Amino acid sequence: MMRELRSNRLSDQVEEATRLWARKGGKRGRAEQIERMMVFAAFAEASGVRDRGQLGGRTVIRFWRHLRAAGRSYATMQSYYYALRHLWALLELPGEVPPPRAPEGGEAASR
């Protein structure tokens with residue numbers, strides 16, 4: 001079971017949870033995933049989420065809509081999805097991360 005996170009800010013909680021995880025595996029890949037996790041945490045905080053217990057599928061879906069509105073590609077959203085799956089496991093959050101919807105006919109159709 002995960003020890004209690006001491007910080008009040010969500011971004012600090014994410015940073016604390018990923019500290020040991022970042023030491024293992026490929027350094028560049030882990031750094032990229034942590035950066036994506038921190039972008040999500042900043043988005044969630046701006047949306048009013050203060051604690052990891054307030055994170056859920058609705059926050060993630062709003063994040064997908066935000067990325068889509070910002071013109072991000074489906075491949076970028078998939079990269080965020082994989083990082084958020086790791087974050088969910090590290091924070092021991094219930095449920096699963098909702099995946100981003102594939103665009104109609106475009107990029108994902110060629111895969």
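Residues numbered from 1 in each chain as written. Predicted model: local features only at pLDDT ≥ 70, side-chain atom pairs only at ≥ 80, totals over all residues. Heavy atoms only, no water.

K.L.:
Where do I start with the confidence of the model for the protein in this structure?
P.N.:
In low-pLDDT regions, the fine details of the predicted coordinates are not to be read closely. Counting all residues, the mean pLDDT for the protein is 87, and 88% of those residues have values of 70 or more. Of all the helices and strands in the protein, helix 1 (residues 10-18) carries the lowest mean pLDDT, 89, while helix 3 (residues 57-69) carries the highest, 97. (pLDDT = per-residue confidence, 0-100. Helix = DSSP H or I, 4+ residues; strand = E, 2+ residues; numbered from the N terminus.)

K.L.:
Which parts of the structure should I look at to understand the pattern of salt bridges?
P.N.:
Pairing between side chains of opposite charge can happen when the charged atoms of each approach one another. Overall, the coordinates contain two salt bridges when judged by the stated rule. Between aspartate 12 and arginine 9 there is a salt bridge, with the nearest N and O atoms lying 3.7 Å from each other. For the salt bridge of arginine 9 with glutamate 45, the shortest nitrogen-to-oxygen distance reads 3.8 Å. Within this pair, whereas arginine 9 is found in the segment before helix 1, its partner glutamate 45 is found in helix 2 (residues 27-46), the two being separated by 36 residues in sequence. We classify arginine 9 as partly exposed; its relative accessible area is 45%. Where salt bridges share partners, they join Arg9, Asp12 and Glu45 into one cluster. (Salt bridge = Lys/Arg side-chain N within 4 Å of Asp/Glu carboxyl O. Buried < 20%, exposed > 50% of the residue type's maximum accessible area, 1.4 Å probe, protein only.)

K.L.:
I keep staring at the environment of proline 99 and nothing clicks. Help me out?
P.N.:
With respect to the secondary-structure elements, proline 99 resides in the segment after helix 4 (74-90). When the C-alpha positions of proline 99 and glycine 57 are compared, they lie 9.5 Å apart, and in sequence the two are 42 residues distant. Apart from residues no more than four positions distant in its own chain, proline 99 is found in contact with Trp64 and Tyr81. (Contact = heavy atoms within 4.5 Å.)

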